[in-house]
Amino acid sequence: MTAIIGFCLPDGAFLAADSTRTDVDSGQQLSTPVRKIENLKEDVVIATGGLGTIGHNARNQLIEFVEARKPSLDVIIQKAKEIFLREFNLSFVQAPGHKIPLTCILAGRDDDGKGFICSLSSSNNFEPFWVQNVGQPYFAGTNTQLVKECATEVIIELKNSDQKLMFDKWVVESLKRINLNDKTVGFPVQLVAARETVTNIFPANEGATYLSEFVTEFPEL
């Protein structure tokens, strides 16, 4: 299972992902942690969930396209849809009848310098879903409802006890609770703040240090 937690900022976005991966052929969880978030360009990151190396191959194709063309965000979104839809369809050649979803998430600063998170998923034919309101959280995963329930529960508890929202504390505590319900999700976790530059921490375990780049105001819930 994949668990991804995000948060839209005025000038960028925060994104976090677990690092476990399941083999599409055997269905077995792989022992080596994997990075699910990579830099797409200087102020945008890309995360993938589902289908292991197939999703990562699609991600790498998009990274190569962006590096070669330096396109606008609108063009990047359209190219992401094209690549991930094609690779998802081809995945049924490798594993006929599989029911593993595939998700692509882009997050960071848009061409106007404002924060955004944009998700494209096989569950809705890779049509873009946007998060653009400052303070708006984002949740995704193989079991999105579980990720949302655990992360929302934690953020409410933190709001009652802390002056500021510390993203790393939020994610670490949320991942612990998700893991209680699904052992295929676990540490280490990847923490990313994408603004003019990208702060990328990997791996981070349960003793993660709270960093100033990962502190903001609590959203209205």
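**Things to note about the overall build of the chain**
Helix and strand counts for the chain stand at four helices and 14 strands. Its C-alpha radius of gyration of 16 Å places the chain within 12% of the 17 Å reference for a compact globule of 221 residues. Put simply, the chain has 221 residues, and 52% of those count as buried. In the chain, of all internal contacts separated by at least 6 residues, the share reaching a separation of at least 24 is 61%.

**Points about the packing of helix α1 (residues 52-69) against helix α2 (residues 73-94)**
At a minimum axis distance of 9 Å, the contact between α1 and α2 shows a crossing angle of 150°. In terms of orientation, α1 lies roughly antiparallel with respect to α2. Our pair here, α1 against α2, has a crossing hand that is right-handed. Residues Ile54, Gly55, Asn57, Ala58, Arg59, Gln61, Leu62, Phe65 and Val66 of α1 form the contact with α2, whose participating residues are Val75, Ile76, Lys79, Ala80, Ile83, Phe84, Arg86, Glu87, Ser91 and Gln94.

**Description of the sheet that holds strand β6 (residues 44-49)**
Strand pairs in the sheet, formed through backbone hydrogen bonds, run parallel or antiparallel to each other. In space, the five strands of this open sheet follow the order β5-β6-β7-β8-β9, with antiparallel pairing throughout. Strands with a single pairing partner mark the edges of an open sheet, and in this sheet they are β5 (37-41) and β9 (129-131). Geometrically, the sheet is characterised by an average inter-axis angle of 20° between neighbouring strands, direction not taken into account. The pairing of β6 with strand β7 (residues 103-109) spans six bridges and is antiparallel. The residue bridging Gly49 from the neighbouring strand is Thr103, located in β7. Taken strand by strand, α1 contacts β5, β6 and β7, and its axis lies near 20° from that of β5.

**Here's the deal with the environment of Leu191**
Take Leu191: it is sitting in strand β12 (residues 189-194). Residue class for Leu191 comes out buried when judged on its relative accessible area of 2%. Sequence spacing of Leu191 and Asn179 is 12 residues, and the spatial spacing of their C-alpha atoms is 17 Å. Those residues in contact with Leu191, other than ones at most four positions away along the chain, are Phe14, Leu15, Ala16, Asp168, Val171, Thr199, Asn200, Ile201, Ala204 and Phe214.

**Regarding the sheet that holds strand β2 (residues 12-18)**
Read from one edge to the other, the open sheet built from five strands follows the order β10-β1-β2-β12-β13, with strand pairing classed as antiparallel. The sheet is open, and its two edges are formed by β10 (137-141) and β13 (198-204), each paired on a single side. Taken over all neighbouring pairs, the strand axes of this sheet differ in orientation by 10° on average, direction set aside. Bridge count for strand β1 (residues 3-9) against β10 is five bridges, and the pairing is antiparallel. Opposite Ile4, over in β10, you have Ala140 as the bridge partner. Packing against the sheet, helix α3 (residues 144-159) makes contact with β1 and β10, and its axis sits at approximately 140° to β10.

Rules used in this analysis
Residues numbered from 1 in each chain as written. Predicted model: local features only at pLDDT ≥ 70, side-chain atom pairs only at ≥ 80, totals over all residues. Heavy atoms only, no water. Helix = DSSP H or I, 4+ residues; strand = E, 2+ residues; numbered from the N terminus. Rg over C-alpha atoms; globule rule 2.2 N^0.38 Å. Buried < 20%, exposed > 50% of the residue type's maximum accessible area, 1.4 Å probe, protein only. Contact = heavy atoms within 4.5 Å. Axes fitted to C-alpha atoms, helices over the stretch in contact; angles between N-to-C directions. Parallel < 35°, antiparallel > 145°, perpendicular 65-115°, else oblique. Left-handed = near helix turned anticlockwise from the far one by under 90°. Pairing = 2+ DSSP bridges.

So yeah, pure geometry; function would need other evidence.
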